[in-house]
Amino acid sequence: MSSPSLLDVLLRPGSLQAVFQPIFALGEDRGVRFVEGLIRGPFGTNAREASVLFEYVRRKGKEVEFDRLCVRQVVASAAGLPAGLGLSVNIHASTLEYDRSFPDFLLHLAEASGIPAPGLIVEIVEHGQGFSGAGFSAAVRSLRDRGVGVALDDVGCGQSSYRRMLDCQPQYFKVDRYLVHGCHGDPRRQAILDSIAGLARTFSSRVVAEGVERTADLETLRQLEIDFAQGFLLAEPGPASWLAVWSTDVSGYTPAISAVAAPPE
Amino acid sequence: MLSHLTPCLGEAPEGALSHKILIVEDEDSISFALRRFLSMRGFDVDCASELEEAQALVAHVPYAAVVADLRLTCVHGAEGLEMISHVRKHAPGTRTILLTAYGSPEIEAEARSRGVDAVLPKPQPLGELADLLTALVEAE
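Every chain begins its residue count from 1, and numbering advances along the sequence as written. Starting at A for chains and at 1 for ligands, labels are handed out in the order in which the entities are written. Totals for whole chains, interfaces and linings use every residue, but because this is a predicted model, local features are given only for residues with pLDDT of at least 70 and side-chain atom pairs only at 80 or more, for both listing and counting. Remark: hydrogens and water are excluded; side-chain values derive from all non-hydrogen atoms of the structure.

Draft legend 1. A look at the overall build of chain A. Counting its secondary structure elements, chain A contains ten helices and eight strands. Residue pairs at least 24 apart in sequence account for 67% of intrachain contacts in chain A once pairs closer than 6 positions are excluded. Per-residue and other accessible areas follow the Shrake-Rupley method at a 1.4 Å probe size, with only the shown protein chains counted as cover for residues. On chain A, roughly 11,500 Å² of surface is accessible, and the fraction owed to carbon and sulfur atoms is 51%. Here a strand is any run of E in DSSP of at least two residues, a helix any run of H or I of at least four, and the numbering for each starts at the N terminus. The contact rule is simple, with two residues in contact once any of their heavy atoms fall within 4.5 Å.

Structure, rendered in structure tokens:
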């Protein structure tokens, strides 16, 4: 009798864990505005780390099936989130292209869990899957028409191209950590961030800086008028119950919050 | 194929320089023995039983060396050769060893053309494999 494959293990109910990372506003009205739902693979497997997990899933060509599984897990786990926080979920661009019923699936799932459509943000992740884009555009339009926010992930790196910006016209540009890390003291990174911020203003979009790990970088992001920041400096990903600490009193956020660490997942 | 379900046993002896090694092998017993022995020799060992799992790991984990079996399926596969090519392309500094019970001059020539560092027959004395790995990773 052969052992189950890693894919079989991943697709078992309950094998995935959802954690949430707060995203902070950097303007005058500071505080947590929404959280990103993140997935961790099973303990004791090579797929515990999200980067390996999703690379494996993409190599198996199972993005569509897996995205549904992840969204189901994130939305179910979000039940313990403080009211009023937006919830961001990651979806492969290829899933939106090929899974025509995905918008309905997501909206029904959210509705059943008491999450209103305007409280949802679909974070589009792209990894080089070539497609015409007709299904993708229709899916994005369907989500947007029903009040769901759209974010483009990994802006400035990877496959998040200008074409994709035009195709999905995101409300949020999520800037890859590669451009954020070390932006303090690096005029070239600052120039790129400033350029993205300008581009976002043209789109009437907001910018989220990912991977903020240093206070100096955070201050540089503020000076560049980046709208939101996310990263270990501010808060580690944690279970929904832990995020209750952000429930109402988040407007007085200071970088001292970085001293707060999430409990073990 | 339990390699992805077993916890890491790759505990290097205290103070030893621990090189990270990936074993790509679909037979549980062989994978277990390699992990156990190489861990005791001071390597930090990961195991993968599928090509895609191994490729995903190589894309995100810096390995000093990859030891791949030629066949990861029961048919006439040659996933080990694909793995060698993948490592050469995505982690050119990583050393590679191909293990095979189905060796032939043609297979060895093909593996060489893909940039493998060594082709070894199965079964392979574990001590010799560990010695070769040490020589390869410390030659870097």
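Draft legend 2. Seen up close, the overall build of chain B. Counting secondary structure elements, chain B contains five helices and five strands. Reading the helices (α) and strands (β) of chain B from amino to carboxyl end gives β-α-β-α-β-α-β-α-β-α. Taken over 140 residues, chain B has a buried fraction of 49%. Within chain B, counting contacts between residues at least 6 apart in sequence, those at least 24 apart form 67% of the total. Accessible surface, chain B: about 6,400 Å² in total, of which carbon and sulfur atoms supply 58%. Three labels apply to residues, based on accessible area from a 1.4 Å probe with only protein chains included: buried if under 20% of the type maximum, exposed if over 50%, partly exposed otherwise in between.

Draft legend 3. Molecular detail of the sheet that holds strand 4 (residues 120–125) of chain A. All names here are of chain A. Here a strand pair is declared whenever DSSP counts at least two bridges between the two strands. With mixed pairing, eight strands are arranged side by side around a closed barrel as 1-2-3-4-5-6-7-8. Where strand 5 (residues 149–155) and strand 6 (residues 172–175) come together, three bridges link them in parallel fashion. By the bridge assignment for strand 6, Leu152 is matched with Phe173.

Draft legend 4. Local environment of the side chain of A:Glu55. Relative to the helices and strands, A:Glu55 resides in helix 2 (residues 50–59). Judged by relative accessible area, which is 15%, A:Glu55 ranks as buried. Polar contacts here mean pairs of N or O atoms no more than 3.5 Å apart (in protein, one a potential hydrogen donor and the other a potential acceptor; neighbouring residues in sequence count only if both atoms are side-chain atoms). Only 3.0 Å separates the side chain of A:Glu55 from the side chain of B:His60, close enough to count as a polar contact. Dropping the residues within four chain positions of it, A:Glu55 is found in contact with B:Ala56, B:Ala59 and B:His60.

Draft legend 5. How the structure looks around the environment of A:Pro4. Summarising the element assignment, A:Pro4 is placed in the segment before helix 1 (6–10). Separated by 21 residues in sequence, A:Pro4 and A:Ala25 have C-alpha atoms that sit 44 Å apart.

Draft legend 6. Region of the structure containing the sheet that holds strand 4 (residues 95–100) of chain B. Residues and elements named next belong to chain B. Taken in spatial order, the five strands make up an open sheet running 2-1-3-4-5, and their pairing is parallel. In the strand order of this sheet, the two ends are held by strand 2 (44–48) and strand 5 (118–121), each with one partner. The average angle at which neighbouring strand axes cross in this sheet is 20°, direction not considered. Here strand 1 (residues 20–24) pairs with strand 3 (residues 65–69) via four bridges, running parallel. Axes here mean lines fitted to C-alpha atoms, for a helix over just the part in contact, with angles spanning 0 to 180 degrees between N-to-C directions.

Draft legend 7. Geometry of the interface of chain A and chain B. The interface is formed by 15 residues belonging to chain A together with 17 residues belonging to chain B. The term buried area refers to how much accessible surface (probe radius 1.4 Å) is lost by two components on association, counted for both of them together. Between chain A and chain B the total buried area reaches about 1,400 Å² when both faces are included, carbon and sulfur atoms providing 57% of it. Looking only at chain A, the three residues that lose the most surface to chain B are A:Ser3, A:Asn46 and A:Arg59, adding up to 39% of its buried area. When a carboxyl oxygen of Asp or Glu is within 4 Å of a side-chain nitrogen of Lys or Arg, the pair counts as a salt bridge. Across the contact surface, chain A and chain B share two salt bridges. Note that B:Glu52 and A:Lys60 form a salt bridge whose closest N and O atoms lie 3.5 Å from each other. In this structure, the connection of chain A to chain B is made through nine residue pairs in polar contact (both at pLDDT 80 or more). At the level of elements, helix 1 and helix 2 of chain A are the ones that each hand at least two residues to the side of chain A that touches chain B.

Draft legend 8. View of the packing of helix 2 of chain A against helix 2 (residues 51–60) of chain B. At a closest axis distance of 8 Å, the pairing of helix 2 of chain A and helix 2 of chain B adopts a crossing angle of 135°. Put simply, helix 2 of chain A runs oblique to helix 2 of chain B. Our pair here, helix 2 of chain A against helix 2 of chain B, has a crossing hand that is right-handed. For the pair helix 2 of chain A and helix 2 of chain B, the contacting residues are A:Ser51, A:Val52, A:Glu55, A:Tyr56 and A:Arg59 in the first and B:Glu52, B:Glu53, B:Gln55, B:Ala56, B:Leu57, B:Ala59 and B:His60 in the second. When the residues that make up the contact of helix 2 of chain A with helix 2 of chain B are grouped by side-chain class, the tally is five nonpolar, three polar and four charged. Should an angle lie under 35 degrees it is considered roughly parallel, over 145 roughly antiparallel, and from 65 to 115 roughly perpendicular; all remaining angles are considered oblique. Here is the rule for handedness: rotate from the far helix to the near one, and if that takes an anticlockwise turn smaller than a right angle the crossing is left-handed, while a clockwise turn gives right-handed. Following the grouping adopted for this structure description, the nonpolar residues are Ala, Val, Leu, Ile, Met, Phe, Trp, Tyr, Cys and Pro, the charged ones are Asp, Glu, Lys and Arg, and the polar ones are all others, Gly among them.

Draft legend 9. Structural view of the pairing of strand 3 of chain B. All names here are of chain B. A large share of strand 3 lies buried, amounting to five of its five residues. Of the two faces of strand 3, the one carrying Ala65, Val67 and Asp69 and the one carrying Val66 and Ala68 are both buried. Both strand 3 and strand 4 contribute to a ladder of five bridges, which runs parallel. Within strand 4, the position partnered with Ala68 by the bridge is Leu98.

Draft legend 10. Local environment of helix 3 (residues 79–90) of chain B. Between the first and last C-alpha of helix 3 of chain B there are 16 Å, a value that for twelve residues agrees with the 16 Å anticipated at 1.5 Å per step. When helix 3 of chain B is considered as a whole, its buried residues turn out to be B:Glu79, B:Gly80, B:Leu81, B:Met83, B:Ile84, B:His86 and B:Val87. Multiply 1.5 Å by the residue count of a helix minus one, and that product is the helix's expected span.

Draft legend 11. Region of the structure containing the packing of aromatic side chains. All names here are of chain A. Think of it this way: a Phe, Tyr or Trp ring, Trp meaning its six-membered ring, pairs with another when their centres are within 6.5 Å, and the plane angle makes it stacked under 30 degrees, edge-to-face over 60, tilted otherwise. Applying the stated rule across the entire model yields six aromatic pairs over all chains. Considering the side-chain rings of Phe173 and Phe203, the 5.5 Å spacing of their centres and the 65° angle between planes classify their relative orientation as edge-to-face. Of this pair, Phe173 sits in strand 6 while Phe203 sits in the loop between helix 9 (187–202) and strand 7 (206–209); the two residues are 30 residues apart in sequence, bridging distant segments of the chain. Given a relative accessible area of 25%, Phe203 falls into the partly exposed group. Our definition puts a charge over a ring when NZ of Lys or CZ of Arg is within 6 Å of the ring centre and also within 35 degrees of the ring normal. Taking NZ or CZ as reference, Arg164 lies 4.6 Å from the ring centre of Phe136, over its face. Positioned above the aromatic ring of Tyr178, the side-chain terminus of Arg189 is 5.0 Å from the ring centre.

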